[in-house]
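Listed below are the residues making up each chain.
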Amino acid sequence: MLWYSLNVNPAHAPRSARPPAGWRRQLETGLEPLDRQHRDLLEALAHLAGAVEAGAPKAKLEEELAFLARHLIKHCQTEETLMREAGFPGRVAHANQHQELVHLVRDLQYRQAKGQSPDLEALSRIGIGLDQHICESDLAMAGYLKALHAV
Ligand SMILES: [Fe+2]
Ligand SMILES: [Fe+2]
């Protein structure tokens with residue numbers, strides 16, 4: 001179920017909250033495994049936002065946030081392996097951006113463990129961060145990898 005197909009009770013959402021942005025064609029890197037992981041990540045984020053909006057129980061939110069964290073970490077490892085194998089010159093800066101994204105999700109898990117459920121504003125920030133990272137850094141990395149394999 002997608003976040004926009006859920007009934008939203010405005011009482012559950014802060015007024016400034018916006019659902020995280022979803023997949024769009026401009027995010028396509030042309031590297032199928034990475035594109036699939038990106039779509040899965042954005043879908044997991046949207047799913048979690050839908051659960052938050054719907055006022056899902058704490059256990060459900062924990063499960064969905066853990067799912068997002070696992071997929072994000074796995075995805076970052078996939079890209080970092082590709083960059084290392086290819087000798088991509090921007091890999092350290094790229095990996096640092098991954099750490100920042102992982103930190104945002106880990107921070108939500110930490111807060112959750114303290115009893116604070118994820119909120120749409122934080123999820124939206126993660127969505128914006130992911131979108132920007134894919135648009136700028138992942139597309140640049142994908143361009144390098146594709147050029148390497150084209151010669
Ligand atoms: Fe990346
Ligand atoms: Fe990525």
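Criteria and cut-off values
Residues numbered from 1 in each chain as written. Chains lettered and ligands numbered in written order. Predicted model: local features only at pLDDT ≥ 70, side-chain atom pairs only at ≥ 80, totals over all residues. Heavy atoms only, no water. Donors = N, O, S within 2.8 Å, 3.2 Å for Na, K, Ca; no water. Helix = DSSP H or I, 4+ residues; strand = E, 2+ residues; numbered from the N terminus. 1 Å grid on protein atoms, 1.4 Å probe; cavity = no way out; pocket = protein on both sides within 12 Å on 5 of 7 lines; lining within 4 Å. Points joined across faces, edges and corners; volume = space filled by probe spheres on them.

Some remarks on the coordination of the iron ion (ligand 1)
Item 1. Looking at the metal site, the iron ion (ligand 1) is ligated by Glu79 (OE), His94 (NE2), His98 (NE2), His133 (NE2) and Asp138 (OD), spaced 2.0 to 2.2 Å from it.
Item 2. Donor residues for the iron ion (ligand 1) sit on one chain with the sequence pattern E-x14-H-x3-H-x34-H-x4-D.
Item 3. Between the iron ion (ligand 1) and the iron ion (ligand 2), both coordinated by Glu79, there is a metal-metal distance of 3.5 Å. Linking His98 in helix α3 (residues 91-113) with Asp138 in helix α4 (residues 120-150), this pair joins segments that are 40 residues apart in sequence.

What about the layout of surface pockets?
Left-over empty space is what a probe sized like a water molecule reveals as it rolls over the atoms.
Item 1. The calculated volume of the largest pocket comes to roughly 170 Å³.
Item 2. Lining the largest pocket, in full, are Asp40, Glu43, Ala44, His47, Lys60, Glu63, Glu64, Phe67 and Arg70.
Item 3. Among the elements of the structure, α1 (32-53) and α2 (58-86) are those that each provide at least two residues to the lining of the largest pocket.
Item 4. If you tally residues by element for the lining of the largest pocket, the top one is α2, at five residues.

Focus on the coordination of the iron ion (ligand 2)
For a metal with four tetrahedral donors the ideal donor-metal-donor angle is 109.5 degrees, whereas six octahedral donors ideally subtend 90 or 180 degrees.
Item 1. Bound to the iron ion (ligand 2) on the protein side are His38 (NE2), His75 (NE2), Glu79 (OE) and Asp138 (OD), at distances that span 2.0 to 2.1 Å.
Item 2. Spacing between the donor residues of the iron ion (ligand 2) along the chain follows H-x36-H-x3-E-x58-D.

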